[in-house]
Amino acid sequence: MGLDVKVFQNITKLSKDAEDYDFIAFNYKEFKERCQNLEWRAKYKGETKKRMISYPCSSHNDFRRELAVLIGKERKFWENPDVPKDVPFYELFDFADNEGTIDSESSQNLYNDFVEYKQLATDKLPVYYLEYYGRWLEVFELAKDAGVVVFS
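Conventions and cut-offs
- Residues numbered from 1 in each chain as written.
- Predicted model: local features only at pLDDT ≥ 70, side-chain atom pairs only at ≥ 80, totals over all residues.
- Heavy atoms only, no water.
- Helix = DSSP H or I, 4+ residues; strand = E, 2+ residues; numbered from the N terminus.
- Expected span 1.5 Å × (residues − 1).
- Buried < 20%, exposed > 50% of the residue type's maximum accessible area, 1.4 Å probe, protein only.
- Arc of directions from axis to C-beta.
- pLDDT = per-residue confidence, 0-100.
- Core = buried A, V, L, I, M, F, W, Y, C linked by side-chain atoms within 4.5 Å.
- Contact = heavy atoms within 4.5 Å.

## Observations regarding helix α5 (residues 127–143)
For α5, with 17 residues, the first-to-last C-alpha span of 25 Å sits near the 24 Å given by 1.5 Å per residue. Taken residue by residue, α5 has Y129, Y132, Y133, W136, L137, V139, F140 and A143 as its buried positions. Seen end-on, α5 carries its buried residues on one side only, within an arc spanning 160 degrees.

Given below as structure tokens:
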């Protein structure tokens with residue numbers, strides 16, 4: 001099973017019976033606050049920027065482990081169900097690894113974290129994960145201004 005992440009911009013909410021839509025605003029109930037600016041389970045159409053991330057869920061989990069180490073936490077820190085909200089990358093640590101929606105507000109928070117830790121990532125992350133870091137930075141940069149990130 002893999003993770004595919006797309007960014008949509010210029011999104012428009014559609015009627016509930018629309019058949020031609022790009023995504024449904026959805027998260028598991030534990031992560032519902034990641035799409036506060038979207039109507040829960042509504043259908044949307046948007047401009048697809050491109051598929052930004054496509055890799056196995058295990059690679060995503062490995063990347064989150066590397067982020068935890070980057071911010072001075074234990075590798076398994078992010079697996080804790082009670083990740084503190086004030087921790088950098090919180091919205092990515094405390095989120096499903098297979099599907100869901102992240103709105104522009106959460107994307108702005110994540111973008112800020114990725115910018116803040118970019119130099120440290122450049123200095124400390126293995127090259128393999130540094131490439132992922134750059135892609136995630138771009139994802140949240142594109143989504144922070146009224147965009148949306150869709151995990152599928």
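More follows now that the structure is in view.
## Some words on the confidence of the model for the protein chain
Confidence in the prediction for the protein chain averages 89 pLDDT; 93% of positions are at 70 or higher. Mean pLDDT values for the elements of the protein chain range from 85 in strand β3 (residues 43–56) up to 97 in helix α4 (residues 118–124).

## Observations regarding the nonpolar core
Core analysis: the biggest nonpolar cluster contains 38 residues, and F63, F93, F114, Y133, W136 and F140 have the highest contact counts within it. Where this core is concerned, the elements lending two or more residues are β1 (2–13), β3, α1 (57–70), α2 (90–93), α3 (104–116), α5 and β5 (148–151). Looking at which element gives the most residues to this core, the answer is α5, with eight residues. Aside from chain neighbours lying at most four places away, what touches F140 is L92, I102, S107, L110, Y111, F114 and V149.

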